[in-house]
Amino acid sequence: MTTPTLKQSTGPQFTRIYAIGAARGDLSVPNDDLVGPIDSSDEWIRQRTGIIERKRASHDVLAVDLAQSASLEAIEGAGIAPSQIGAILVSTISNPVITPSLATQVAERIGAPHAAAYDISAACAGYAYGIGQADSLIRAGLAEYVLVIGAEKLSEFVDPTDRSISFLLGDGAGAAIIGPSDSVGIGPTIWGSDATKRDEIYMTGTNIGFRDQESEWPTLRQNGQAVFRWAVWEMVKVANQAIEAAGITVDDLAAFIPHQANMRIIDEFAKQLKLPETVAIGRDIATTGNTSAASIPLATHRLLEEQPGLSGGLALQIGFGAGLVFGAQVVVLP
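In this text the structure is predicted, and so the values were computed from the model without any measurement.

Parameters and conventions
Residues numbered from 1 in each chain as written. Predicted model: local features only at pLDDT ≥ 70, side-chain atom pairs only at ≥ 80, totals over all residues. Heavy atoms only, no water. Buried < 20%, exposed > 50% of the residue type's maximum accessible area, 1.4 Å probe, protein only. Helix = DSSP H or I, 4+ residues; strand = E, 2+ residues; numbered from the N terminus. Pairing = 2+ DSSP bridges. Right-handed = clockwise from strand over helix to strand, strands pointing away. UniProt positions renumbered as here; feature names shortened; annotations may be inferred. Contact = heavy atoms within 4.5 Å. Polar contact = N/O pair within 3.5 Å; in protein donor to acceptor, adjacent residues only side chain to side chain. Axes fitted to C-alpha atoms, helices over the stretch in contact; angles between N-to-C directions. Parallel < 35°, antiparallel > 145°, perpendicular 65-115°, else oblique. Left-handed = near helix turned anticlockwise from the far one by under 90°. Nonpolar A, V, L, I, M, F, W, Y, C, P; charged D, E, K, R; others polar. Core = buried A, V, L, I, M, F, W, Y, C linked by side-chain atoms within 4.5 Å. Phe/Tyr/Trp six-rings, centres within 6.5 Å; stacked < 30°, edge-to-face > 60°. Lys NZ or Arg CZ within 6 Å of the ring centre and 35° of its normal.

K.L.:
What exactly am I supposed to notice about the pairing of strand E4 (residues 85-91) here?
P.N.:
Two faces make up the sheet, and in a regular strand the side chains alternate between them. In terms of burial, E4 is largely enclosed, as six of its seven residues are buried. As judged from the six bridges shared by E4 and strand E6 (residues 145-153), these two strands associate in the parallel manner. Across the sheet, residue alanine 87 finds its bridge partner in E6, namely valine 146. Between the parallel elements E4 and strand E5 (residues 116-120), the chain passes through helix H3 (residues 102-110) in a crossover that is right-handed.

K.L.:
Sorry if this is basic, but what is going on with the UniProt feature "domain: Beta-ketoacyl-[acyl-carrier-protein] synthase III N-terminal" (unreviewed entry) in the protein chain here?
P.N.:
UniProt tags residues 118-194 as "domain: Beta-ketoacyl-[acyl-carrier-protein] synthase III N-terminal" (unreviewed entry). Secondary structure content for residues 118-194 is 18% helix and 35% strand, and the end C-alpha separation is 24 Å.

K.L.:
How should I be thinking about the environment of tyrosine 18 in this particular structure?
P.N.:
With respect to the helices and strands, tyrosine 18 occurs in strand E1 (residues 14-24). Its relative accessible area of 18% is what places tyrosine 18 among the buried residues. Separated by 189 residues in the primary sequence, tyrosine 18 and asparagine 207 have C-alpha atoms spaced 39 Å apart. When near neighbours in sequence (up to four residues on either side) are disregarded, tyrosine 18 contacts Ala78, Tyr145, Ile177, Ile178, Gly179, Pro180 and Pro334. Side-chain polar atoms of tyrosine 18 contact the backbone oxygen of proline 180, separated by 2.5 Å.

K.L.:
So what exactly am I meant to see when it comes to the sheet that holds strand E14 (residues 325-332) here?
P.N.:
Paired through their backbone hydrogen bonds, the strands of a sheet run either parallel or antiparallel. Read across the open sheet, the five strands follow the order E8-E14-E13-E11-E12; overall the sheet is mixed. Pairing within the sheet leaves two strands with one partner each, and these edge strands are strand E8 (190-193) and strand E12 (280-281). Relative to strand E13 (residues 314-321), strand E11 (residues 255-258) runs parallel, the two sharing four bridges. In the sheet register, alanine 255 faces E13, and the bridge partner there is alanine 315.

K.L.:
Would you mind going over the packing of helix H6 (residues 224-245) against helix H7 (residues 263-273) with me for this structure?
P.N.:
A pair of packed helices can be characterised by two numbers: the angle between their axes and the separation between those axes. The interhelical angle for the contact between H6 and H7, taken along N-to-C directions, is 40°, at an axis separation of 10 Å. Judged by the inter-axis angle, H6 sits oblique to H7. Read as a crossing pair, H6 and H7 show a hand that is right-handed. Across the interface between the two elements, Phe228, Ala231, Val232, Trp233, Met235, Val236, Ala239 and Asn240 from H6 touch Arg264, Ile265, Glu268, Phe269, Gln272 and Leu273 from H7. Of the residues contributing to the contact of H6 with H7, the split by class is 10 nonpolar, two polar and two charged.

K.L.:
Please explain the nonpolar core as it appears in this structure.
P.N.:
The nonpolar side chains of a soluble globular protein tend to be buried, and buried together. Counting 49 residues, the largest nonpolar core has Phe256, Phe269, Leu275, Leu316, Ile318 and Phe320 as its most contacted members. Broken down by secondary-structure element, the contributors of at least two residues to this core are H6, H7, helix H8 (285-288), E13 and E14. For this core, the element with the highest residue contribution is H6, accounting for 10 residues. For phenylalanine 269, the residues in contact, after removing those within four places along its chain, are Ala231, Met235, Val236, Ala239, Phe256, Ile318 and Phe320. Counting residues in hydrophobic clusters, the runner-up holds 32 residues, among them Ala125, Ile131, Ile138 and Ile296.

K.L.:
Help me understand the pairing of E14 in this model?
P.N.:
Of all eight residues in E14, seven are buried, a share of seventy percent or more. The pairing of E8 with E14 spans four bridges and is antiparallel. Across the sheet, isoleucine 190 pairs through a bridge with alanine 328, a residue of E14. Relative to E14, E13 runs antiparallel, the two sharing eight bridges. Residue pairing for E14: glycine 321 is matched across the bridge by valine 325. The hairpin turn running from E13 into E14, its antiparallel successor, is three residues long, and glycine 323 in that turn takes a positive phi close to 145°.

K.L.:
What is the right way to look at the packing of aromatic side chains in this model?
P.N.:
The relative placement of two aromatic rings is captured by the distance of their centres and the angle of their planes. On inspection of all chains with the given rule, the structure shows seven aromatic pairs. An angle of 65° between the planes, with centres 5.4 Å apart, marks the rings of tryptophan 44 and phenylalanine 167 as edge-to-face. Of this pair, tryptophan 44 sits in helix H1 (residues 42-49) while phenylalanine 167 is found in the loop between E6 and strand E7 (171-181), placing the two residues 123 residues apart along the sequence. Note on tryptophan 44: relative accessible area 21%, which makes it partly exposed. In this structure phenylalanine 167 comes out as buried when scored by relative accessible area, which is 3%. The structure contains a cluster of three or more aromatic residues connected by ring pairs, namely Phe157, Phe210 and Trp217. Looking at arginine 16, its charged tip hangs above the ring of tyrosine 18, at a distance of 3.8 Å from the centre. For arginine 163, the ring lying beneath its charged end belongs to tryptophan 44, and the centroid distance is 4.6 Å.

K.L.:
What am I meant to see in the side chain of threonine 92 here?
P.N.:
Looking at the element boundaries, threonine 92 is found in the loop between E4 and H3. Among the polar contacts listed, one links the side chain of threonine 92 to the side chain of glutamate 152, at a separation of 3.4 Å.

K.L.:
Can you walk me through the side chain of arginine 221 in this structure?
P.N.:
In this fold, arginine 221 is placed in strand E10 (residues 220-222). A distance of 3.5 Å separates polar atoms of two side chains, one belonging to arginine 221 and the other to aspartate 162. At 3.0 Å, the side chain of arginine 221 forms a polar contact with the side chain of threonine 219. The contacts of arginine 221, once residues within four sequence positions are left out, are Asp159, Asp162, Ser164, Ile165, Glu200, Ile201, Tyr202 and Thr204.

Next comes the structure, spelled out in structure tokens:
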């Protein structure tokens with residue numbers, strides 16, 4: 001019997017980021033509001049993290065609300081109709097329910113209820129994961145445009161007495177529209193994990209334990225020194241791999257936009273990469289805080305607001321964190 005020849009979907013050769021949208025929590029929380037329970041000071045937090053204040057969302061503002069706002073801005077900036085979006089990818093660890101996904105909630109709210117929609121659980125690397133997947137989906141012919149979102153309400157998982165991570169965390173969402181391009185707009189994605197270190201950033205308990213009254217509400221913790229060493233020394237290798245895979249050098253970069261984990265990490269990272277002084281560096285953490293999956297698009301949005309001349313330039317973006325997972329690529333800024 002002759003086996004019929006199957007058809008395979010194909011798409012455009014290249015993709016690019018069309019536009020970025022952003023939404024931050026509606027509350028500004030200065031260091032002085034947090035120092036009491038951790039027996040600390042504004043000076044201590046600034047020296048260790050570079051954070052002056054962080055954005056957090058009011059009780060009734062959810063991660064999906066932030067995702068919706070950021071998405072609508074990105075869609076408007078891209079000049080497309082929601083019906084043209086073939087897939088919606090939301091990186092989040094803040095969806096308050098197991099199902100339905102935050103992505104399907106966003107799909108309905110923005111007017112794209114029939115788009116493929118799924119969540120990515122890759123924490124701080126999630127946006128870079130989403131960009132890599134969007135690039136692949138479009139080039140494979142599975143979608144014309146893809147909406148990639150990083151959305152977090154991390155304040156739901158904060159223990160005010162924790163000195164390891166609680167004062168770092170903020171709330172926000174960043175969104176990007178990815179679509180076809182006449183030239184390369186997204187370089188190869190370098191991604192992976194170091195699962196042997198996955199317990200360096202962790203939750204203090206489980207939802208089941210909380211339900212059974214065996215533990216308190218689960219909150220985030222980290223082994224700060226181990227994470228710092230890993231983020232700086234190991235992630236520089238990943239960043240250099242992304243630069244090499246894109247066929248460029250650090251001298252070709254217009255911007256460096258890392259996950260906004262900690263200002264000391266960002267500064268040391270830039271030093272290890274030997275970035276020229278002409279490279280703009282995303283430092284949104286100072287007034288937004290660490291927003292995990294949302295941090296790269298939020299930092300990108302702010303850089304483009306402050307320095308619109310960066311548009312069209314090359315940016316190295318890298319996400320790294322809980323898991324421990326990582327993802328990086330060089331992109332053309334919208």
